Structure formats: structure tokens, C-alpha cells
Amino acid sequence: MLHLEAVFFKVLSEEMKKTLFDKVWDSHVVKHVEDGPDVLFIDRHLVHEVTSPVAFLGIKNRGISVLYPERTFATADHNTPTINQHLPVQDPLSANQLKALEENSKKYGISHWGLGHQKNGIVHVVGPEYGITQPGATIVCGDSHTSTHGAFGAIAFGIGTSEVEMVLASQCIMQPKPKKMRINVNGKLNFGVSPKDVALYIISRLTTSGATGYFVEYSGDVFRDMSMEGRMTVCNLSIEMGARGGMIAPDEKTFEYVKGREFTPKGAAWDKAMTYWKTLFTDKDAEFDKEIYFDASDIEPMITYGTNPGMGIGISKSIPKAEQVEGGVSTYKKSLGYMAFNEGEDMIGKPIDFVFIGSCTNGRIEDFRAFTSIIKGRKKAANVTAWLVPGSHQVEAAIKAEGLLDIIHEAGFELREPGCSACLAMNDDKVPAGKLAVSTSNRNFEGRQGPGSRTLLASPLVAAAAAVTGKVTDPRELMKEFA
Amino acid sequence: MAYDKFEILTSTAVPLPIENVDTDQIIPARFLKATERKGFGDNLFRDWRYNNDDSPKKDFVLNDNTYSGKILVGGRNFGSGSSREHAAWAVYDYGFRCVISSFFADIFKGNCLNIGVLPVQVSADFANKIFTEIEKNPQTKIEVNLPNQTVTILATGEKESFEINGYKKDNMLNGFDDIDYLVNVKKEIVEFAKNTPL
């Protein structure tokens, strides 16, 4: 009898030791397929114009409909112009894709926030803004940066178009449960170090494939102290080290952010949701497949020098020698050859041509506050073309309401209209071949910002310092008055 | 019934021994504007394959007649980056039915499996052996045997097994896809949804 009780308590205590990820994943498994994936229920599905048309065509060809249209939300962002949005879209192919999204949404009864709609903006910016993103939810979108929504304690990840079709048809996808990794960053961040730097630092240490196969939980002082915007930036970049997604346990800051937004529960439903959300944390002694620790004080403002986001260094450092990096020497040399950089060179002082502030990584109000804190009272460098693109109309409105637009104009910059813009250069915002851009976006792949373009990924502070000096500059040099 | 059945593929292979080949290289974003799944093979590796004036870059492997076949052998961490299934479509549409690498990015691998391109993960040593044999003789044939889960370099007889879960293997062998499965379990999903508030 005693023995049985002991077994019972052992089982009970093991059951209680769950990670945040386990709690959310396990509660969404409709069924497990033997020697195969889980059938995972998706609470909320975001779609945009680029990865959805073939999925809609697929369900049409199969003669099936959208099972739960109220769980899908559509916004146009990847392929939209960032000037003159009130005029017809010039590129016929882009216009056709936008029209397809509008027609498909209408046909199946899906909320559609197209170009010109007040709620239009980058899918990963508007999702949280309108409370579509909630703790404990499963959220997918045909876009790898869906990991952004993990900042709220949701399981959120990018999917392919076949999976978009699955979600439309069945509100489920079929996924094997990923392994679990926890990344702990403790201590206090140094002056001038922002969430983007934390993420680029982690990716540089883990490499661009270091978290492939894992779902990450970010934990420790640094993330606890971070704003919701900062947490979104960090989770957004999880995919850049190969992780399917990243998440942070919700806390009072999260609940405060979510409360009162259009699609969040109200009244008794809110109280019920809060009861659940407060259980969303990793239990003490719960096990991860991999656990990694970093010290906040080791991180300085970061910049990339190569052609994947793992090729980043502290801005004061020089480009590593081929023998200092993991992986193949020939791939490394090909990458530096593309960038027209040499091993051992300093990044500081390199003349730049373009600056891009925006994207689902750094297109939120906090990013524009950081940018304007540096350009205030200074002037845009004559050799720099700058694109300042808010992530949404809400961000655009906040920029105006907080007086940041005046600072932007006085410094000789212009603010454009919301969209993904030069992050992936599907629209006209393309960096020309050979030109060097400092960009707050998420990828520095060859030609990512336009054929032949060269990208340096960095925080809004580093981008601002480059925009006013015309070269790679340590932002701390321009922030001395705040130090 | 979404795609062709895959059983045993015996073919010469095209080597691309570059690491971290990202989906922006496989198909650049500016070619993602279609609303139908057509013509993506023309733009596979567009910026590595063509100059700005659309003339072919002679030193790129797809422009080298020495190499051909239905198998693409890529370097480590193949398919990193974006979730665009267009990358897998481009690989398929060009004529490849199998990609071999010592390591795949997650989303690309899943996308391949969902459209009937078999991603075969082998050890780094075995990948190097394949590259070496193709370099020695571009007519080297590789056999990818899905029922047995093996990949063999026919010239040398060297063989390695690869992993795939039973469910996906069955799908590939029969040309089924996940939607066929999901539509069949709709009742269970609807029941589950009742307890899952929006």
C-alpha cells in the first residue's frame, strides 16, 4: 500500500514538471499519430498575400471550405508599396496577389485588413496590437517570423503553404513535437545594448543552425526586465538560429499589454483566461533537452558582417578569421567575398549607403523611439538613403502622437507607410546591387534586400548612428550625454 | 492524393557543396508573386544561376551540362531561412525529386515532405563521399530507396540508411498528403474545438 502511494506521488510529481512549451503544446494535441506527428489544434491563423493564394486554390480544388473562418485573420504586407498607398498598386503581379487575398477572404468570411484599411500592417505587428495574439494560444502563419508571437507565451511558428491549406481546411497541422531548449541570460544589460543586440549575440554564439529541431524558451533577468516590444524582437529572431519558435512566460507586463485590446476576452471570459494564463510557466525541475547560459554583461551593440544572421560580432570587434569560425572555410570566404569584406577588418568606420528602420523585427514604436533618440538634433548624412517604415498604422499614429515625426523631419528623414518593405524587397524598396545597408530587419542573406545588395543587421540605435554619420558607428559615442 | 508516389529513385545527382543555402537563394522573394504553383523551376537559384542581364552564369552548377539528374546534393544546413514553400516548389518544378544533405533546416524539410520531394539526411562523411564520387565521375548514380530507407552510391556500393517517420514514409510511398488524413479525422477535430474557446 505504501509502495503504491509512493508510485502515485512519483507519477503525480512528474506530471507536474512541465515546461511552458509542454503545457501549451500538450493542451492542443487533438491526437497523436503512431510513429508520426501530433495533430495540433491551431487557435489563431494569420495569413498574408504571398503564401496563401495556392492554399486557397488547394481547398477550392478539393471542394472543401474553411472550417473555422473566425480563427483566421488576413492582412496584406509583404508585397505592398510604402508610398502612395491610396493609389492603385502599379505592379500588376503584386496587385493581382492583393486582389486574390481580398477575394479569398471575402469568399470564405475571413477578416481582411487590406491595403488602406486602418488595421493594415505587418502581420506580426498587428496581431499583438489587436489582441489576436494571446498567452497560451497556438498561432501559425505562412511566415517564418511568426515566432514573434511567442513573446506572449504563445506557441507560434511559421508554416509552409501546404500547412496553410491544412489549417484552412481543418484548423490543425501535423507536427512532430520539437525538442526543448532553454536560453538563460542573467545579469544587467550594458548601456546602449538593446533587445536586438541580445538576439544577435545569442545567434552569433549558437550559429544560424544551432537551434534547429528545438523550440526555445527565453528565461532570466534580461527577458524579465524587457518590454513586450523587446520580447517580440527576441522571439522574432528565434528562427534565425534555426529554432522553430521561441517563447517567454507571460507575466504582469504581458497581461497589462493584452488587456482591453479588440480581440482579447472581456469580463468573465477575461477572468477565466487569466486563471489559465497564470499557470503558464515552466515548473521547477522541468527538463529541457538543452540548456544554455549567457551573461548579460558580455553583450555589446552588435552588427553582422556576413550573409547569415549568425555572422555577427560586437560592433567594436573585427571580422573573424576563417580559422576562428565553425563550419567550412570555403563557405565563409564566399560569404565575405560577397560582402566585399576581408578577414580581420574593423566594422566601425565602413561607409554605408542605405539605412532601413522597420520590419516585424524592429518596426514597433519602441524602435522609432530608439532611432529618434539618436537623430534628434542631428542631420541625416548626405551619402545615406534612409527608409523609415512603421510596422502598422498604429505605430505610425504613435510616432505622430509622441512628436517623433517632427524629430524625423527636422533631421532630414521621411516616414513611409506601413509594410514589410526593404526587409525582403518584394516591393519597390530595393537596395541596389553593391550598395551597403544597415538594416533593423532580420536577414542578411545574399540579395535579400535587392539583387546584389549587401546587408548589415543591427539595432535601431546602431542604424540611427549610421544614418547620421554615413558610416558604421558605435551608437554609444552619440549617446554620451545619456550615459 | 496530392503528389507522385515515391519508391526507389536511381539517378545521377547535381552537387552544390555550399553550406547554409537559404531559401532566398533557392528562390528570391521577387519571384513569389504568383497566385498559382507554376513556373518556379525557371527561377530556382535565380541569382546564382543568372547575371543581371539574364545571361547564364557559366560557373554555376545548373548551367554546367556535366551535371544533371533528379537528385540535388546540398551542403550542411540546406534550406535555412524563410518558410516559403515556393523554395520546395522550385526544387520540384526544376525536376528534382530528392535533396540529400548532412543537415536540413526544419521548415524547408517539412515543406519538401508535404509536396513529394524526399529530403534525405545523411552523415557529413557520407555526404562528402557523394561529393567526391560525383567529382570523380559526374555520371555516378545514386539510389535512394524509400522502402528500405537507404541511400547507395552505386559505383562503390557504399550505403547509408536515413530516417523518416512511419507516417510520412507511408504518405510518400502512396502519394497521400496530410490534408487527406486531417479531413478523415474532422469529427475528432470538431469535438476538440468545442472545448477550445477562441
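In the nomenclature of an unreviewed UniProt entry, chain B corresponds to 3-isopropylmalate dehydratase small subunit from the organism Cellulophaga tyrosinoxydans. Looking at the Sequence similarities (unreviewed entry) heading of the UniProt record, one finds this comment for chain B: "Belongs to the LeuD family. LeuD type 1 subfamily." Recorded in UniProt under Function (unreviewed entry), the annotation for chain B is "Catalyzes the isomerization between 2-isopropylmalate and 3-isopropylmalate, via the formation of 2-isopropylmaleate."

The name given to chain A in an unreviewed UniProt entry is 3-isopropylmalate dehydratase large subunit, and the organism recorded there is Cellulophaga tyrosinoxydans. Database annotation for chain A, UniProt heading Function (unreviewed entry): "Catalyzes the isomerization between 2-isopropylmalate and 3-isopropylmalate, via the formation of 2-isopropylmaleate."

Could you give an account of the overall build of chain A, naming the residues involved and the relevant values?
Across its full length, chain A holds 17 helices and 18 strands. What you see for chain A is a C-alpha radius of gyration of 22 Å, in line with the 23 Å of a compact globule of 483 residues. In terms of its C-alpha atoms, chain A occupies a principal-axis envelope of roughly 80 × 55 × 45 Å. Burial statistics for chain A: of 483 residues in total, 58% are counted as buried. In chain A, the proportion of contacts linking residues at least 24 apart, taken out of those at least 6 apart, comes to 76%.

Could you give an account of the pairing of strand 1 (residues 29-32) of chain A, naming the residues involved and the relevant values?
Residues and elements named next belong to chain A. As paired strands, strand 1 and strand 2 (residues 38-41) are joined by three bridges and run antiparallel to one another. In the strand pairing of strand 2, H32 is matched with D38. In this structure, the hairpin formed by strand 1 and strand 2 is closed by a connection of five residues, where D35 is found at a positive phi of approximately 50°.

Provide a residue-level description of unusual backbone geometry, including the pertinent values.
Glycine aside, negative phi is the norm for most residues, and most peptide bonds take the trans geometry. A positive phi angle is found at N84 of chain A, which is not glycine, with a value near 50°. Looking at the secondary structure, you find N84 of chain A in the loop between strand 4 (72-75) and helix 4 (92-108). Despite not being glycine, D54 of chain B shows a phi value in the positive range, around 70°. Tracing the backbone shows D54 of chain B in the loop between helix 2 (46-49) and strand 2 (71-74). Overall, D54 of chain B belongs to the exposed group, with 8 C-beta atoms counted inside 10 Å.

An account of the sheet that holds strand 16 (residues 385-388) of chain A is needed here, citing residue identities and associated values.
All names here are of chain A. The parallel open sheet is built from four strands, whose spatial order is 16-15-17-18. The open sheet has two edge strands, strand 16 and strand 18 (454-457), and neither has a second partner. Between one strand axis and the next, the sheet turns through 20° on average, direction left out of account. Both strand 15 (residues 354-357) and strand 17 (residues 436-439) contribute to a ladder of three bridges, which runs parallel. Each bridged residue has a counterpart across the sheet, and for F356 the counterpart in strand 17 is S439.

I'd like to hear about the interface of chain A and chain B, residue by residue, with values.
Note on interface size: it is often stated as the accessible area lost on association of the parts. Taken together, the contacts link 63 residues of chain A with 50 residues of chain B. Elements represented by at least two residues in the side of chain A that touches chain B include exactly strand 1, strand 2, helix 3 (53-62), helix 4, helix 6 (161-170), strand 8 (172-175) and helix 12 (329-339) of chain A. A total of seven residues in the side of chain A that touches chain B trace back to one element, the largest contributor, which is helix 6 of chain A. Of the residues assigned to the side of chain A that touches chain B, the class counts are 25 nonpolar, 24 polar and 14 charged.

How would you explain helix 15 (residues 393-401) of chain A if you had to name every residue and give the values?
Residue and element names in this part refer to chain A. Along helix 15, the residues classified as buried are H393, V395, E396 and I399. The arc that holds every buried residue of helix 15, seen down its axis, measures 160°, which confines them to one face. The elements touched by buried residues of helix 15 are helix 5 (123-129), helix 14 (365-375) and helix 16 (404-410).

Account for the confidence of the model for chain A, naming residues and giving values.
Chain-level statistics for chain A give a pLDDT mean of 95 and a share of 96% at 70 or above. The low-confidence segment residues 1-11 of chain A (pLDDT under 50) makes zero contacts with residues lying over four places distant or belonging to another chain.

Let's hear about the UniProt feature "binding site: [4Fe-4S] cluster" (unreviewed entry) in chain A: which residues, and what values?
Residues and elements named next belong to chain A. Sequence positions flagged by UniProt for "binding site: [4Fe-4S] cluster" (unreviewed entry) are, in local numbering, C360, C420 and C423. Spatially, the listed residues are clustered: although they cover 64 residues, their C-alpha atoms lie within 8.8 Å of one another. For C360, the position within the fold is in helix 13 (residues 359-362). The buried category is assigned to C360, around which 28 C-beta atoms lie within 10 Å. Within the fold, C423 resides in the loop between helix 16 and strand 17.

So, how was this worked out
Residues numbered from 1 in each chain as written. Chains lettered and ligands numbered in written order. Predicted model: local features only at pLDDT ≥ 70, side-chain atom pairs only at ≥ 80, totals over all residues. UniProt positions renumbered as here; feature names shortened; annotations may be inferred. Helix = DSSP H or I, 4+ residues; strand = E, 2+ residues; numbered from the N terminus. Rg over C-alpha atoms; globule rule 2.2 N^0.38 Å. Buried ≥ 20, exposed ≤ 12 C-beta atoms within 10 Å, placed from the backbone. Contact = placed C-beta atoms within 7 Å. Pairing = 2+ DSSP bridges. Axes fitted to C-alpha atoms, helices over the stretch in contact; angles between N-to-C directions. Nonpolar A, V, L, I, M, F, W, Y, C, P; charged D, E, K, R; others polar. Arc of directions from axis to C-beta. pLDDT = per-residue confidence, 0-100.

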